[in-house]
Amino acid sequence: MRITGKTQLVGVIGYPVSHTLSPAMHNAAIAELGLDWVYAPFPVAPDRLPEAVRGLQAVGARGFNATIPHKESLLPLLDEVSGEAAFIGAVNTVLFHEDGRSIGYNTDAEGFLRAMDESGIAPPEGEKAAVMGAGGAARAVAAALAKAKAREIVIVNRTFEKAEALAAEADAAIGVSARAEPLTEAGIASALDGTALLVNATSAGMDGSAGLPIDADALRPPLAVYDIVYSPPQTGLLKTAAQNGCKTLNGLGMLTHQGAIALERWTGLKAPVETMRQALLAAQ
Ligand code: NAP
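Residues numbered from 1 in each chain as written. Predicted model: local features only at pLDDT ≥ 70, side-chain atom pairs only at ≥ 80, totals over all residues. Heavy atoms only, no water.

One full turn of an α-helix is made of 3.6 residues, so residues set three or four places apart face in the same direction. Among all positions in helix α2 (residues 49–58), only Leu49, Ala52, Val53 and Leu56 are buried. The buried side chains of α2 occupy one side of the element, clustering within an arc of 100° when seen end-on. In α2, the exposed positions angled more than 90 degrees off the buried face are occupied by Arg54 and Ala58. The inward-facing, buried residues of α2 contact β1 (8–14), β2 (37–43), β3 (63–66) and β5 (93–96). (Buried < 20%, exposed > 50% of the residue type's maximum accessible area, 1.4 Å probe, protein only. Helix = DSSP H or I, 4+ residues; strand = E, 2+ residues; numbered from the N terminus. Arc of directions from axis to C-beta. Contact = heavy atoms within 4.5 Å.)

Turning our attention to the nonpolar core. A general feature of soluble globular proteins is that nonpolar side chains tend to end up buried together. Formed by 39 residues in total, the largest nonpolar core has its most connected members in Phe112, Leu145, Ile153, Ile155, Leu197 and Tyr226. The element best represented in this core is helix α5 (residues 136–147), accounting for 8 residues. Apart from the residues within four sequence positions on either side, Ile153 is in contact with Ala129, Ala142, Leu145, Val176, Ser177, Ala178 and Arg179. (Core = buried A, V, L, I, M, F, W, Y, C linked by side-chain atoms within 4.5 Å.)

Below, the discussion takes up the site of the ligand. For the ligand, the set of nearby residues contains 22 residues, the closest of which are Ala137, Asn157, Thr159, Lys162 and Ile228. One nitrogen or oxygen atom from the main chain of Ile228 is found 2.9 Å from a nitrogen atom belonging to the ligand. The separation between a nitrogen atom of the ligand and a polar main-chain atom of Gly251 is 3.0 Å. With the chains in place, 75% of the 920 Å² that the ligand exposes on its own is no longer accessible. Put simply, the parts of the chain that give the shell around the ligand at least two residues each are α5 and α9 (252–267). (Near = heavy atom within 4 Å. Polar contact = N/O pair within 3.5 Å; in protein donor to acceptor, adjacent residues only side chain to side chain. Areas by Shrake-Rupley, 256 points an atom, 1.4 Å probe, with all protein chains shown as cover.)

In this model α9 runs 23 Å from its N-terminal to its C-terminal C-alpha over 16 residues, within 8% of the 22 Å that 1.5 Å per residue would give. Across the 16 residues of α9, 15 count as buried, placing the element largely inside the fold. In the stretch just after α9, Gly268 is the one whose phi turns positive, near 75°. (Expected span 1.5 Å × (residues − 1).)

Further remarks concern the environment of Pro41. Looking at the secondary structure, you find Pro41 in strand β2. Look at Pro41 and you get partly exposed, because its relative accessible area is 41%. Each residue touching Pro41, except ones within four places of it in the same chain, is listed here: Val12, Val17, Thr20 and Pro23.

As a further point, take the pattern of salt bridges. Applying the stated rule across the entire model yields 13 salt bridges. For Arg101, the salt bridge goes to Glu80, with nearest N and O atoms at 2.6 Å. Placement of the pair is Arg101 in the loop between β5 and β6 (102–105) and Glu80 in strand β4 (residues 80–81), with a sequence separation of 21 residues. By relative accessible area, which is 28% here, Arg101 ends up partly exposed. Look at Glu80 and you get partly exposed, because its relative accessible area is 32%. Linking Arg277 and Glu118 is a salt bridge whose minimum nitrogen-to-oxygen distance equals 2.9 Å. Highlighted residues: Arg277 in helix α10 (residues 273–283) and Glu118 in helix α4 (residues 108–119), separated in sequence by 159 residues. The exposure class assigned to Arg277 is buried, which follows from its relative accessible area of 13%. Here the salt bridges share partners, and the residues they tie into one network are Glu84, Glu110, Arg114, Lys147 and Glu264. (Salt bridge = Lys/Arg side-chain N within 4 Å of Asp/Glu carboxyl O.)

For the pair α9 and α10, the least separation of the axes is 9 Å and the interaxial angle reads 125°. Comparing their axes, α10 and α9 come out oblique. Viewed along their axes, α9 and α10 form a crossing whose handedness is right-handed. Packed against α9, whose contacting residues are Leu252, Gly253, Leu255, Thr256, His257, Gly259, Ala260 and Leu263, the element α10 presents Val273, Met276, Arg277, Leu280 and Leu281 at the interface. Broken down by class, the residue content of the contact of α9 with α10 amounts to 8 nonpolar, 4 polar and 1 charged. (Axes fitted to C-alpha atoms, helices over the stretch in contact; angles between N-to-C directions. Parallel < 35°, antiparallel > 145°, perpendicular 65-115°, else oblique. Left-handed = near helix turned anticlockwise from the far one by under 90°. Nonpolar A, V, L, I, M, F, W, Y, C, P; charged D, E, K, R; others polar.)

The subject of this paragraph is the sheet that holds β6. Spatially, the 6 strands line up as an open sheet ordered β2-β1-β3-β5-β6-β4, and their pairing is mixed. Looking along the sheet, the strands with just one partner apiece sit at the ends: β2 and β4. As paired elements, β1 and β2 share 7 bridges and run parallel to each other. Looking at the pairing, Gly11 lines up with Ala40 of β2. (Pairing = 2+ DSSP bridges.)

It is worth spelling out the packing of α4 against α9 at this point. At a minimum axis separation of 7 Å, α4 and α9 run at an interaxial angle of 120°. Considering their axes alone, α4 and α9 lie oblique with respect to each other. Crossing angle aside, the handedness with which α4 passes α9 is right-handed. Between α4 and α9, the residues in contact are Asp108, Glu110, Gly111, Phe112, Arg114, Ala115 and Glu118 and Gly253, Met254, His257, Gln258, Ile261 and Glu264, respectively. The residue inventory of the contact of α4 with α9, partitioned by class, reads 4 nonpolar, 4 polar and 5 charged.

Coordinates in, geometry out; function isn't part of it.
This is the structure in structure tokens:
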């Protein structure tokens with residue numbers, strides 16, 4: 001990589017940020033596209049967020065990604081926020097427009113759908129889908145399922161009140177019929193009755209175990225199982241579902257595509273998705 005007087009700056013803010021795989025993924029794409037751009041990590045303490053946003057804009061950055069803990073706190077600091085990012089309640093991509101506006105997006109929902117498209121799992125148009133989790137990722141998944149025109153979504157969460165709140169909001173804000181179930185074996189069984197797609201959007205499973213009270217027998221084709229956790233690549237949930245013959249998908253494709261969509265917003269170019277995926281795998 002050669003830095004010149006014309007090098008364009010993008011990057012990621014987080015705190016801490018040293019664990020991020022985004023620089024590896026984006027710089028591989030930048031090299032493949034032959035751009036005079038660089039993507040750098042910026043550790044930004046929470047109390048310095050407003051200063052960091054103004055600073056990045058002041059030095060002419062084209063935009064940036066945001067990770068924990070900044071995705072929610074960014075919303076009131078930007079000139080505009082997309083409807084989807086407002087519903088999700090989190091911004092993961094900021095574009096500094098040439099006219100001076102700062103615009104916040106959340107690319108997780110679209111990344112979720114693009115990854116499902118390339119996996120051969122049919123989008124749940126007209127179908128019932130179940131989502132475990134009620135945090136930021138589950139909100140993005142709910143937005144994606146509404147976009148995919150699911151007939152009904154069932155939000156299943158350990159803290160039942162959060163599932164109820166998200167289901168009510170999804171019903172009102174993104175026009176998808178939604179209801180809530182508690183994260184118990186009975187709650188999951190009810191959510192899975194007649195369901196085409198089960199999505200895990202909880203952090204359970206990141207330790208490699210299923211961590212979720214699901215009866216293995218409930219995971220049978222034609223149910224497809226999508227676990228958006230990407231490390232480990234095969235969670236206990238995916239392992240059981242695959243053993244039972246279900247189509248399965250992990251979160252690597254979603255992670256790749258949410259990054260690809262961010263790069264496309266900044267550059268206006270089609271992102272080299274395969275290069276980005278390989279860079280992520282190599283960096284893990
Ligand atoms: P979050 O806002 O902190 O929400 C965490 C969710 O997981 C909550 O619903 C929480 O339930 C639930 N949960 C946590 N531990 C649990 C356990 N032991 N048993 C049952 N439920 C548990 O986190 P998030 O941002 O939504 O992220 C959730 C997961 O999605 C993470 O693993 C993250 O890596 C993954 N993710 C992947 C991508 C991708 O591109 N592939 C993108 C975003 C996120 P309570 O409400 O009861 O606490």
